[in-house]
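Summary of structural features
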Amino acid sequence: MRSAIRKIFWLYLILFLILIGYLLKLCLYDSHSFVANPYNKRLAGSEEGIKRGSIYDANGDVIAEDVLREDGTYERVYNNAENYAHTVGYTVKGKAGVESKYNFRLTALSFEPVQRLAGLFGNEIEGNSLVLTLDDRLQKIAGEQLRGQRGAIVAMEPSTGKILCMVSTPSFDSNSVDKNWDELNSDTEDSPLLNRATQGLYPPGSTFKIVTAASAIENNATDMEYKCTGAEKFGHSIIHCYNEQAHGNMDMTSAFAQSCNTYFGTLGTKLGAEKLIATANSFGFNRDIGLALEYSKSTFPMEANADVNEIVETAFGQGRTLVSPLFMAMITSAVANNGMMMQPYVVDHSLTPGGSVRNRTLPAKLSQIMSPDTAYKLKDLMCEVVNDGTAKNAAFSVSKERIETLASGASVTASDSVKVQVAGKTGTAENPHGDDHAWFVAFAPADDPQIAVSVLLENAGKGSNAIPAARDIMKEYLENIYQ
Amino acid sequence: MTDVYIIFAKYFFMLYIAIFVFNGFMINLARQDMAGFNVAAGLSGQRICIALFHITASVILISNAIEYDIQPVVLFCIIGFIVTVGGNMLTMAIYPDGSHLLYNCVFFLMDIGLMVLYRLDTALAGKQLIWNTLGILMMLVLPKILEVTPRLDKFKKIYITAAFVLLGTTLIFGKSEGGARNWINIGPIGFQPSELIKVFFVFYLASCFAEKPTLKKLIVPAVLSAAVVLCLVAQTDLGSALIFYMTFLIMVFTATGNYLYFLLGIAAICLASMAAYGLFPHIRTRVEAWQNPWLDVHDKGYQIAQSLFAICTWGITGIGFTRGYANSIPVVERDFIFAAICEEFGVIFAAGLILVFVLIFLEGARGALENRNRFLTLLCTGFTALFAFQAFLIIGGVIKMIPLTGVTLPFVSYGGTSIVISYIIIAAMQWIIMRNEAYSHDKPIEEVDTRKRHAQTRRAAAPERSASRKAEQNTRKNTAEQRPSRREKANVQRPSRHKTAQSSAADSRGRRRK
């Protein structure tokens, strides 16, 4: 009996030590996965009299900071507001963007007891600051390129998923959201509050041929040859190539380079709906992408019993498929990154008021969307688009001093500059809202990709119109930023 | 200013509970001669921790209310202080032989509960204060009454009849609240019969097993216990059903020392749980909400998700008393009060609170071990088991370690019946601990069996002899020092008295039986 009582006490002790262990594990290790849930009301709170953390770009330049006013309250001030408006967001009217999703970090106090004590003696009590992955130099170029039109530009580092540049236009001034709120919301034509880069969904146009080509490569259907006459009848409708241009004899490489719709339509019928669906699914359509900001899922609604017309249209990027510029940048990055799609992120790390680094974002893999071999073959196809296809003016050179850093994938040209091999794909997306949307996705240098760009210009006509923006951003990055 | 105070206060709270728990374990080590520690000073230290806790938390509550109505807060804090500290001092005066470590634990838990409740819902905290006062009065009076009662192990039929009458009443007149049909309204007061049934249930089993039960003698109590548990399941009061079941297993194991029964019981409950999972949709819902609350976070998983947010958002030191968002958790003042404590006092403090419960179980085990009477030993074991499984179920449920079963956290959660019954149980445990003296000239429990175990008894007595030698040495040492309390003195004296009891066992047995 006595030994039974002792054993029972040990049982209690073990059970309750397990409770304590579980509690500590929950709080120290598991909490990261659920604390950021939108149902957690604690994240939205903020306290008066506390200086909200600042937001910096990748170089440490201030994008947003709290400035003390004469009446003792803080005012949020944004620099270059138009270029950052959609990513950084605003703190009024329910908050948006990084300001909303990272509210907790911006208002959390490191070394709280010390700060509170110092606060008694008149020092500022300050939340943690955020350092973004965005680079102001790229943001500026993107902003200029998009000025006066509706569109979006996203640039990523393929190997990490780090978003280097993300701009959406028309934009707004984060400093005066409160004042202009009604106006911003009533403008349904331009929808300035919409982040077109992550929330805008567009037909992918010919950029979708990357997916169709990947499906053909993975299913060993790349040996198809075809004579293009500029138009072809499938089922009950006729498909045209752009401007009804007859491309003549086409194989996979030339059809991809010239963006031949009829070739890819025929290829689509050969592959069939199921194989296209399988490839689209593995590419991550209809799935969450794990971005911390507001975004829309890119959709691929075609079903296995689709008729021939839907298959054909889907195969060259029309149909009902919809993608966001960010998702196209992710696909392009995956091609550049041996088929591995990375989770995109915009916040690199936090800084305590004392300047120590906290919560550094570690690159995370989303999934291997295609085999490295497929990615390699796609890369060749995309190089051909720039070398001898629809995107010849995407080529650019960087100065010779960069030759060391860009050793591979560059060939020395005549003078003091070095030509960089670019891989890309244009797209011209027909849409029900007027003129075609212009798409261009690209990465460079092809052999050792450092940057991938996705450009969408609404109603800007043919895809090549989107090339200069992408080229300038890649050139600026490789010339001046990448180390 | 208040903010700064609150931030620093949370570290003080951690310090108080750390000292309290440290003293508690050191006292236990000192009692076993495993560490030199002044027991009386340790107990005083604990009392000071309770008082400081009350004062530190009161200052926060009062300074938060300073801009509007300050009177009720001040009144609450002062009355709370009188009940907590005054009540504890009364136990010292009335029951110097009781376990004051146990009293301290109870008063500390009670005070934590009161302060958190006031911050969550002032009206409920007022009621809780009344319930606590009532409970403390019961705790102070009951041991005196029990002392003059006849042999309580002779009324097993009354206990089980009372239990079934209460169960029947609940089944017929019961009102459902929070999903379980386990409430009866008597006038304006809600009453939870399952709490009172607990006491009868443990008394019943202890009287059944007062003679070492054979397999045959186990059948009737087992069948009747199963009936009690099934009635509770029928009221969808799964938490209580589990607590009763586990208490039954623990008491059978204590009475028989047979692992087989215990393991069979565990296997049976596993099978029953699986069957229940398949049969009842509301159980499936709970298990699913436990497995992945994030799938249905706005409905079925809402409660547990809010609890996890409260526990984890602010890290292990918490946000500071009164600064949290604990009211976002449904029924936070009853089932989920532990989450509110984690949020505002921090997970470290909450871990300390769990250890305070462990101290209570330690006192329960000690009370049972030092006893020489099977009935009282079993009673003490049963009551400890009630507390242990109740605390484990609700803390485990709140932190999502096990599926949630709605029961209260003893002494901390709001609840009239459960609070008063908890004090009654503590009163019974204290009575047992104090009776250890009176029963010590009874037959030692090893001798209950017939001569077959005589040899074993002699072997068991050997370490006791060495213990008594040690005690004698202590006595010599103690003459030089001041003795901490009458309790300690009694401890020292007992072995010699016990020797007399052994030498004239037959004689004393005859005396007892009259």
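**Quick word on the overall build of chain B**
Per the secondary structure count, chain B includes 19 helices and three strands. Here chain B holds 514 residues, and the buried ones make up 48% of them. Of all intrachain contacts in chain B linking residues separated by at least 6 positions in sequence, the fraction that spans at least 24 positions is 72%.

**Examining the nonpolar core**
In terms of nonpolar packing, the biggest core is built from 160 residues, with B:Phe338, B:Ala339, B:Ile341, B:Val356 and B:Leu379 touching the most fellow members. Sorting elements by how many residues they give to this core places helix α15 (residues 374–398) of chain B first, with 17 residues. Aside from chain neighbours lying at most four places away, what touches B:Leu379 is B:Val202, B:Phe203, B:Ala206, B:Ala428 and B:Ile432. With 126 residues, the next largest nonpolar core counts A:Tyr202, A:Met252, A:Cys260 and A:Ile467 among its residues.

**Here we look at the interface of chain B and chain A**
Contacts between chain B and chain A engage 42 residues on the former and 31 residues on the latter. For the side of chain B that touches chain A, the secondary structure elements donating two or more residues are α1 (2–31), α9 (238–256), α12 (302–312), α14 (347–369) and α15 of chain B. In terms of residue count, the dominant contributor to the side of chain B that touches chain A is α14(B) (eleven residues). Residues of the side of chain B that touches chain A, tallied by class, amount to 32 nonpolar, nine polar and one charged.

**A closer look at the packing of helix α9 (residues 209–218) of chain A against helix α12 (residues 273–283) of chain A**
Residues and elements named next belong to chain A. Closest axis-to-axis distance for the α9/α12 pair is 9 Å, and the angle between their directions is 110°. The pairing of α9 with α12 is recorded here as roughly perpendicular in orientation. Classified by chirality, the crossing of α12 by α9 is right-handed. Contacts between α9 and α12 pair Val211, Thr212, Ala214, Ser215 and Glu218 from the former with Lys275, Leu276, Thr279, Ala280 and Phe283 from the latter.

**A closer look at helix α6 (residues 136–146) of chain A**
Residue and element names in this part refer to chain A. Every buried residue of α6 is listed here: Asp136, Leu138, Gln139, Ile141, Ala142, Gln145 and Leu146. For α6, the elements touching its buried residues are α2 (81–88), β5 (151–156), β6 (163–169) and α16 (467–481). Looking one or two residues past α6, Gly148 carries a phi angle of roughly 80°, positive in sign.

**Some words on the sheet that holds β5(A)**
All names here are of chain A. The strand order β6-β5-β20-β19-β18 describes an open sheet built from five strands, whose pairing is antiparallel. Strand pairing shows two members of the sheet lacking a second neighbour, β6 and β18 (423–431), which therefore form its edges. Taking each pair of neighbouring strands and ignoring which way they run, the sheet shows an average axis angle of 5°. Two strands pair when backbone bridges link them, and β18 and strand β19 (residues 434–444) are joined in this way by eight bridges, in the antiparallel orientation.

**Side note on unusual backbone geometry**
Residue and element names in this part refer to chain A. Residues Thr169 and Pro170 are joined by a peptide bond in cis, for which omega reads -5°. Within the element layout of this structure, Pro170 appears in the loop between β6 and α7 (177–186). In this structure, Pro445 follows Ala444 across a cis peptide bond, with omega equal to -15°. Along the chain, Pro445 turns up in the loop between β19 and β20 (451–457). At Ser191, a residue that is not glycine, the phi angle is positive and equals roughly 35°.

**Concerning the sheet that holds strand β4 (residues 129–132) of chain A**
Residue and element names in this part refer to chain A. Pairing within the open sheet is mixed, and its six strands lie in the order β3-β2-β1-β4-β12-β13. The open sheet is flanked by β3 (74–78) and β13 (357–358), the only strands paired with a single partner. Taken together, the five bridges between strand β2 (residues 62–68) and β3 define a ladder with antiparallel strand orientation. In the sheet register, Ala64 faces β3, and the bridge partner there is Tyr78.

**A few points about the environment of A:Ala452**
Residue and element names in this part refer to chain A. Following the sequence through the fold, Ala452 ends up in strand β20. We classify Ala452 as buried; it has 30 C-beta atoms within 10 Å. Here the alpha-carbon distance between Ala452 and Lys475, two residues 23 residues apart in the chain, equals 11 Å. Among all residues touching Ala452, those that are not within four sequence positions of it are Ala155, Met156, Pro158, Ala329, Thr332, Ser333, Ala336 and Phe443.

**A look at the confidence of the model for chain B**
Residue and element names in this part refer to chain B. With 83% of its residues at a pLDDT of 70 or more, chain B shows a mean pLDDT of 83. Counted against residues more than four places away or in other chains, residues 440–469, with its pLDDT under 50, gives 27 contacts. Confidence over residues 475–514 falls short of pLDDT 50; this stretch has 32 contacts with residues more than four positions distant or in other chains. Across the whole predicted complex the pTM is 0.79, and at the interface the ipTM reaches 0.84.

**Let's talk about helix α13 (residues 337–345) of chain B**
In an α-helix, one turn spans 3.6 residues; hence positions three or four apart end up facing the same way. All names here are of chain B. Most of α13 is tucked away, with nine of its nine residues classed as buried. Where α13 is concerned, the buried positions are Ile337, Phe338, Ala339, Ala340, Ile341, Cys342, Glu343, Glu344 and Phe345. Summarising the contacts, the buried residues of α13 are in contact with α1, α4 (100–120), α12, α14 and α15. Where α13 ends, the next residue or the one after it, Gly346, has phi of about 95°, a positive value.

**Let's talk about the pairing of β6(A)**
For β6(A), the buried fraction is high: seven of the seven residues fall into the buried class. In sequence, β5(A) turns back onto β6(A) through a hairpin of six residues, with A:Gly161 there showing a positive phi of about 90°.

**As for the packing of helix α2 (residues 39–64) of chain B against helix α3 (residues 71–94) of chain B**
All names here are of chain B. At their nearest, the axes of α2 and α3 sit 10 Å apart, and the two run at 175° to each other. It follows from the interaxial angle that α2 and α3 lie roughly antiparallel. Here Arg47, Ile50, Ala51, His54, Ser58, Leu61 and Ile62 of α2 come into contact with α3, specifically with Val73, Val74, Cys77, Gly80, Phe81, Thr84, Val85 and Asn88.

Rules of the game
Residues numbered from 1 in each chain as written. Chains lettered and ligands numbered in written order. Predicted model: local features only at pLDDT ≥ 70, side-chain atom pairs only at ≥ 80, totals over all residues. Helix = DSSP H or I, 4+ residues; strand = E, 2+ residues; numbered from the N terminus. Buried ≥ 20, exposed ≤ 12 C-beta atoms within 10 Å, placed from the backbone. Contact = placed C-beta atoms within 7 Å. Core = buried A, V, L, I, M, F, W, Y, C linked by C-beta atoms within 7 Å. Nonpolar A, V, L, I, M, F, W, Y, C, P; charged D, E, K, R; others polar. Axes fitted to C-alpha atoms, helices over the stretch in contact; angles between N-to-C directions. Parallel < 35°, antiparallel > 145°, perpendicular 65-115°, else oblique. Left-handed = near helix turned anticlockwise from the far one by under 90°. Pairing = 2+ DSSP bridges. pLDDT = per-residue confidence, 0-100.

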